[in-house]
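# Inside the fold
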Amino acid sequence: MTESLMNLWHPIASAEDLPYRHIFQGQLLGRELAVWRADDDFVNVWENRCLHRGTRLSIGRSDGLELRCQYHGWRYANRSAGCTYIPAHPADAPARTICNRTFPSVERYGLIWSGEEPTGEPPEIAALENAETLLLRNIAVNAPLNLVLGHLANYRFSITGDPDNLATTSMDYQDGCSLSLTATCDGKKSTVVFFVQPVDSNRSVIRGVLSNSPEGAERLLTLRHHSAELSRLRDIVELEALDGPSLEPMVATIEQVPIALPEITTPSGRKAALRVQVLRKWATAEGVVGLELESIGEPLPTHQPGAHIDVHLPNGLVRQYSLTNAPGEGSLYRLGVKLEADSRGGSACLHETVKEGDVLAISEPRNNFPLRRDAVKTILIAGGIGVTPLLSMAQTLRNNKLDYELHYFAQTDGHLAFPEVLNELGEAVVLHLGLSPDETSQALTALLAGPQPAMHIYVCGPGPMLEATRRIASEADWPDEAIHFEYFKNTIEVDSSSSFEVSLARSALTLEVPSGKTILEVLRDNGIALMSSCEQGACGTCEVTVIEGEPEHQDVYLNDSEKLAGQRIMTCVSRAKSPRLVLDI
Amino acid sequence: MKLLANPEVCTNAAILDLWHPLVPTSEIQVGVVRELSLLGQAVSYLSTSPDIYRAWRTDPATPVGTASEPSSVTEGLPILDRYGYLWTSLGVPNGDLFDIPEYDEPDRRNIHAATIGVHCSAPRAIENFLDMGHFPYVHTGVLGIEPHTEVVDYDVQIDADSNELWATQCLFFQPMAAATSTAGEMVGYTYRVPHPYCSLLYKTSPLDESRMDVIGLFVRSVGPDRIEAHMILSLIDDSNTDSFIRRFQQSIFAQDKPILENQNPKLLPLDPRAETPIRSDRSAIAYRRWLSDLGVTYGVIPEGRSND
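An account of the accompanying structure is given in this report. Just so you know, these numbers come straight off a predicted model, no measurement behind them.

Calculation notes
Each chain carries its own residue numbering, running from 1 in the written order of its sequence. The order in which chains are written sets their letters, starting at A; the order in which ligands are written sets their numbers, starting at 1. Where local features are concerned, this predicted model is filtered to residues with pLDDT of at least 70; where side-chain atom pairs are given and counted, the filter is 80 or more; whole-chain, interface and lining totals use all residues. Side-chain figures throughout are based on the complete set of non-hydrogen atoms in the structure, without hydrogens or water. Exposed residues in this analysis have more than 50% of their type's maximum accessible area, buried residues have under 20%, and partly exposed residues fall in between, with area computed by a 1.4 Å probe over protein chains only. In this text, helices come from DSSP runs of H or I with a minimum length of four residues, and strands from runs of E with a minimum of two, each type numbered from the N-terminal end. Strand pairing is assigned whenever DSSP identifies at least 2 bridges connecting the two strands. Residues enter a nonpolar core if they are buried and are Ala, Val, Leu, Ile, Met, Phe, Trp, Tyr or Cys, with the set joined through side-chain atoms within 4.5 Å. Here, residues are in contact when the closest pair of their heavy atoms is within 4.5 Å. Here, axes are lines fitted to C-alpha atoms. For helices the fit covers the stretch in contact, and angles between N-to-C directions go from 0 to 180 degrees. For classification purposes, angles smaller than 35 degrees are called roughly parallel, those larger than 145 roughly antiparallel, those between 65 and 115 roughly perpendicular, and all remaining angles oblique. By the definition used in this description, the sense in which the near helix is turned from the far one sets the handedness, with an anticlockwise turn below a right angle giving left-handed and a clockwise turn giving right-handed. Salt bridges, as used here, are contacts in which a Lys or Arg side-chain nitrogen is within 4 Å of a carboxyl oxygen on Asp or Glu. By buried area we mean the combined loss of accessible area, with a 1.4 Å probe, across both parts when two parts are placed together. Only centres within 6.5 Å qualify two rings of Phe, Tyr or Trp (six-membered ring in Trp) as a pair; their planes then separate them into stacked at under 30 degrees, edge-to-face at over 60, and tilted for everything else. For a Lys NZ or an Arg CZ to count as sitting over a ring, it must be within 6 Å of the ring centre and within 35 degrees of the ring normal. Two cysteine sulfur atoms form a disulfide, by the criterion used here, when they sit within 2.5 Å. Each helix should span, by expectation, one fewer than its residue count multiplied by 1.5 Å.

## As for the pairing of strand 7 (residues 109-118) of chain B
Residues and elements named next belong to chain B. Across the ten residues that make up strand 7, a large majority, seven, are buried. Where strand 7 lies against strand 13 (residues 226-235), nine bridges are found, and the strand directions are antiparallel. Paired with Thr-115 across the bridge in strand 13 is His-230.

If you want it as structure tokens, here you go:
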């Protein structure tokens with residue numbers, strides 16, 4: 001029986017149990033659920049335990065976009081339930097595999113419906129369709145589902161709410177979890193449908209819906225009448241259940257967390273795992289289009305502020321774009337794409353060829369520009385279209401009520417992308433318009449006047465601006481780890497003329513890297529599939545640990561102290577100064 | 001009729017053979033038999049005269065509340081009077097109780113701070129005691145505060161001689177590290193787990209930077225998922241009253257209690273894939289492995305067994 005109950009939809013809450021920001025604790029078939037309504041009205045039904053230490057999520061907090069666990073502050077996004085932030089490691093992006101177990105949800109007849117593995121749709125009851133329905137007070141009963149249903153079949157009630165005037169009642173239908181009764185009295189009719197929620201083997205909740213909704217005093221009378229009659233029924237059923245056989249509680253299996261696959265078995269490089277449709281495309285600024293992408297299959301995976309995706313364009317090119325929206329904000333990705341004057345076909349294709357309704361292949365989001373949420377203050381510095389990842393960060397910081405400023409350097413106000421988002425962010429946005437390179441340097445010098453503890457800077461923009469920021473920050477004695485850069489592309493001229501040997505410590509394999517080929521390519525040629533994305537030393541995806549040997553860094557991802565330490569290498573551009581490198585793969 | 005084994009009663013030798021704390025000796029009334037539950041079994045104890053104690057498996061011949069001493073035929077349980085608590089063992093104790101050298105230093109205040117009942121397993125309570133990441137969220141404004149949430153890497157090792165678990169070089173920002181603190185500071189911690197259900201933490205004394213305050217958590221496992229936790233302090237503090245210091249510790253533990261009672265499953269899963277550990281959980285990861293290696297099966301879900 002339990003098997004078939006697993007495949008049905010069951011009511012688990014009333015819609016009014018879910019005011020915004022509240023997390024409701026429910027239970028179905030022995031499994032505890034955390035149920036919460038996000039600001040976009042999506043109803044999340046999650047297993048009621050944090051993946052970290054099993055703490056009930058229902059004692060956590062919701063900010064309308066994310067749910068925060070009360071024990072260690074882990075944050076999970078609306079809809080996808082993916083983890084977006086782990087406060088104990090503010091500099092690291094949480095692994096994508098950290099995702100809560102979710103169950104589907106549908107709102108119908110004032111009830112929230114869900115199930116373990118439900119098929120089809122929640123029941124459609126003709127008497128309740130297109131009717132002004134009235135939800136009765138739900139009644140929890142310490143008795144098994146079948147016993148409760150059996151007694152409900154004999155339920156009698158009054159149409160007017162007058163307990164002395166019980167009507168003649170006939171049953172319309174009964175199935176395994178619900179039944180419908182129609183009462184007739186003095187030519188008037190009223191139908192009540194009872195859905196019984198199987199909470200556990202010996203616990204049920206009666207959720208009644210009336211097909212008509214009386215007004216005024218009669219409404220109150222009706223509600224009180226059903227409440228009293230159902231309470232009486234509960235007392236009888238519970239007494240009978242006490243005499244019945246004692247039932248073992250249902251056991252909801254907790255799934256094991258997925259094994260983090262070692263890098264070597266991760267599927268190859270640039271993978272376009274997702275299919276999305278262009279929901280909206282619009283001109284958001286001079287030479288910049290905004291694109292909203294919506295999944296055409298599974299819901300989109302969680303992204304974190306600072307994340308980017310690879311977009312596989314219809315013309316065969318692959319380009320990286322930052323996501324501009326904050327996590328938890330609907331199941332869509334928003335991009336801002338600038339038409340590059342020297343476009344090799346990437347931005348031009350998105351500007352000219354791609355239309356609303358088109359389907360694109362994209363990668364899952366990757367985050368090599370993670371946002372710490374433990375800074376006392378965060379300064380975001382954007383140059384031109386470099387604003388895109390910083391917008392996602394700004395909205396996240398705003399949602400989390402953390403102190404931040406967004407400094408946006410642009411030519412004119414016509415060049416400001418996503419003005420509606422900037423308006424929403426309000427006074428946290430500081431515009432620097434029409435500055436010459438010298439004036440920009442002066443403004444940056446003023447901004448970075450003195451390093452302050454627990455303050456973090458995030459910079460994204462054109463190469464020269466990033467180089468200027470790097471220089472100014474270093475002159476002002478900012479520690480490397482407090483300044484975070486995101487390059488559009490590698491500004492360093494890559495020299496691939498050297499040849500050397502790489503030894504793979506874990507794979508016990510030695511390979512020759514000839515001039516003109518990258519480490520990444522040689523690894524791929526030998527069947528070792530590393531993750532990669534930009535393949536020009538900017539994004540940090542193809543990073544590998546160096547055990548021995550001296551790397552020749554040609555990337556812009558690692559900072560100076562990381563390069564000096566020589567423990568990590570970007571395999572897509574960097575090479576070896578020593579004749580041999582030993583890598584941890 | 002089938003006689004089922006009661007899963008509440010401990011049959012795990014690795015736990016039975018340990019010393020377990022019963023009650024603070026300061027709270028034992030002379031001449032009255034009292035009873036409590038230890039590892040799912042009823043244990044009676046009696047103080048016949050000050051500092052003289054006896055304990056035995058509950059027997060109808062010596063009812064609770066009377067002064068009747070167990071007869072010579074009643075098998076008594078081994079007894080230790082240590083660190084302010086009465087300890088016993090339901091098996092064959094394999095040696096002495098762990099040593100706390102600080103406890104005997106003449107200028108220290110040794111205080112029994114609290115005994116709190118919690119509906120959780122003993123290992124969940126110990127793991128919470130070893131954890132720093134929850135300070136800003138559970139002990140907000142006292143042991144931690146946002147945005148100072150980072151747990152920097154620390155060292156964990158199993159001491160080869162004593163087979164004790166040690167976490168050293170632990171650092172965390174605390175707004176009010178102790179009852180005597182006046183301002184926020186980075187506080188250094190050392191954690192020690194000498195017993196599956198007991199742990200000690202050493203932190204720099206706010207009044208004497210060269211010495212460490214010691215806070216101990218000694219857990220009596222009432223059943224597999226119910227405990228009474230005793231908190232003991234050994235402090236360098238000559239100014240505050242006992243009740244002030246106790247109130248501080250009790251308010252801290254009162255913040256942990258609702259978290260501990262809301263963990264599912266209540267028994268600590270030892271399978272590394274049952275929950276999602278991160279770098280800052282190194283001490284918890286080591287603790288779970290250490291329990292597995294010791295053969296502990298009570299209060300935990302052993303590796304290879306699911307929650308059903």
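## Quick look at the nonpolar core
Ranked by internal contacts, the top residues of the largest apolar core, which has 90 residues, are A:Tyr76, B:Leu39, B:Tyr191 and B:Tyr287. In terms of residue count, the dominant contributor to this core is helix 4 (residues 242-260) of chain B (six residues). Residues in contact with B:Tyr287, not counting those within four places in the same chain, are B:Pro123, B:Ile126, B:Glu127, B:Leu130, B:Leu165, B:Val193, B:Pro196 and B:Leu268. Counting residues in each nonpolar core, the second largest holds 43 residues, with A:Ile139, A:Leu145, A:Val237 and A:Ala241 among its members.

## Focus: the packing of helix 2 (residues 122-129) of chain B against helix 5 (residues 282-294) of chain B
Residues and elements named next belong to chain B. Contact geometry for helix 2 and helix 5: axes closest at 10 Å, N-to-C directions at 150°. Comparing their axes, helix 5 and helix 2 come out roughly antiparallel. Where helix 2 crosses over helix 5, the handedness of that crossing is right-handed. Contact residues: Pro-123, Arg-124, Ile-126 and Glu-127 in helix 2; Ala-284, Tyr-287, Arg-288 and Leu-291 in helix 5.

## Some thoughts on the pattern of salt bridges
Taken as a whole, this structure holds 46 salt bridges over all chains when the rule is applied. Put simply, A:Glu229 and A:Arg232 hold a salt bridge, and the shortest N to O gap is 2.9 Å. Pair noted here: A:Glu229 and A:Arg232 are both in helix 3 (residues 216-243), with a separation of three residues, about one helical turn. For A:Glu229, a relative accessible area of 15% translates into the label buried. Across the pair A:Glu543 and A:Arg568 runs a salt bridge whose closest N-O atoms are separated by 3.0 Å. Note that A:Glu543 is positioned in strand 31 (residues 543-548) and A:Arg568 in strand 33 (residues 568-570), a separation of 25 residues in sequence. Within the structure, one salt-bridge network assembled from shared partners comprises A:Arg49, A:Arg53, B:Arg124, B:Glu127, B:Asp131, B:Glu275, B:Asp281 and B:Arg288.

## Quick notes on the interface of chain A and chain B
Taken residue by residue, the interface counts 34 residues in chain A and 33 residues in chain B. Together chain A and chain B conceal approximately 3,100 Å² of surface at their shared face, both sides included; 48% is due to carbon and sulfur atoms. The largest per-residue losses of area from chain A upon contact with chain B belong to A:Arg53, A:Tyr71 and A:His89, which jointly make up 23% of the total buried on that side. Across the chain A-chain B interface, the total number found is seven salt bridges. A:Arg53 is the partner of B:Glu127 in a salt bridge, and the nearest nitrogen-oxygen pair spans 3.2 Å.

## Considerations on the sheet that holds strand 4 (residues 52-57) of chain B
All names here are of chain B. Strand order in this open sheet of three strands is 2-3-4, and the pairing throughout is antiparallel. Two strands bound the open sheet, and with one partner strand each, they are strand 2 (34-38) and strand 4. Ignoring which end each strand starts from, the neighbouring axes of this sheet average 30° apart. The sheet contact formed by strand 3 (residues 41-49) and strand 4 spans six bridges and is antiparallel.

## Re the side chain of A:His432
Residue and element names in this part refer to chain A. Along the chain, the position of His-432 falls in strand 26 (residues 429-433). Owing to a relative accessible area of 15%, His-432 belongs among the buried residues under this scheme. Residues in contact with His-432, not counting those within four places in the same chain, are His-407, Tyr-408, Phe-409, Ala-410 and Ala-443.

## As for the sheet that holds strand 25 (residues 404-410) of chain A
All names here are of chain A. Strand order across the open sheet formed by five strands is 26-25-24-27-28, with parallel pairing between neighbours. Every interior strand has two partners, whereas the edge strands, strand 26 and strand 28 (483-487), have only one. Within this sheet the neighbouring strands show an average axis-to-axis angle of 15°, counted without direction. Sheet topology places strand 24 (residues 377-383) next to strand 27 (residues 455-461); six bridges connect them, and they run parallel. Looking across to strand 27, one finds that Ala-382 is bridged to Cys-460. The strands touched by helix 7 (residues 437-447) are strand 24, strand 25 and strand 26; relative to strand 25, the strand with the most contacts, the crossing angle is about 170°. Each of strand 24, strand 25, strand 27 and strand 28 touches helix 8 (residues 463-475); the most contacted strand, strand 28, lies at about 165° to it.

## Some points on the packing of aromatic side chains
Between two aromatic rings, the relevant description is the distance of the centres plus the angle of the planes. What the rule picks out here adds up to 21 aromatic pairs over all chains. With a centroid separation of 5.7 Å and 80° between ring planes, the pair formed by B:Tyr85 and B:Phe218 is classed as edge-to-face. One end of the pair, B:Tyr85, is in strand 6 (residues 85-88); the other, B:Phe218, is in strand 12 (residues 212-223), with 133 residues separating them in the sequence. Accessibility classification places B:Tyr85 together with B:Phe218 in one group, the buried group. Ring-pair connections join several aromatic residues into one group, and the members of that group are B:Tyr83, B:Tyr85, B:Trp87, B:Phe98, B:Tyr103 and B:Phe218. In this structure, A:Arg280 packs its charged tip against the face of A:Trp282, placed 3.7 Å from the ring centre. Against the face of A:Phe485 rests A:Arg470, its NZ or CZ located 4.3 Å from the ring centre.

## Topic: the state of the cysteines
By the definition in use, this model includes zero disulfides over all chains. Cysteine B:Cys120 shares no disulfide, and the gap to the nearest cysteine sulfur, in B:Cys198, comes to 14 Å.

## Examining helix 3 of chain A
Taking 1.5 Å of rise per residue, the 28 residues of helix 3 of chain A would be expected to cover 40 Å, and the 42 Å separating its terminal C-alpha atoms lies within 8% of that figure. Looking at the packing, one finds that the buried side of helix 3 of chain A touches strand 13 (139-141), helix 2 (145-152), strand 16 (188-200) and strand 17 (203-210) of chain A.

## Details of the environment of A:Thr324
All names here are of chain A. Inspection of the secondary structure puts Thr-324 in the loop between strand 21 (318-322) and strand 22 (332-338). Under the relative-accessibility criterion, Thr-324 is labelled buried at 2%. C-alpha of Thr-324 to C-alpha of Val-387: the two residues are 63 residues apart in sequence and 8.3 Å apart in space.

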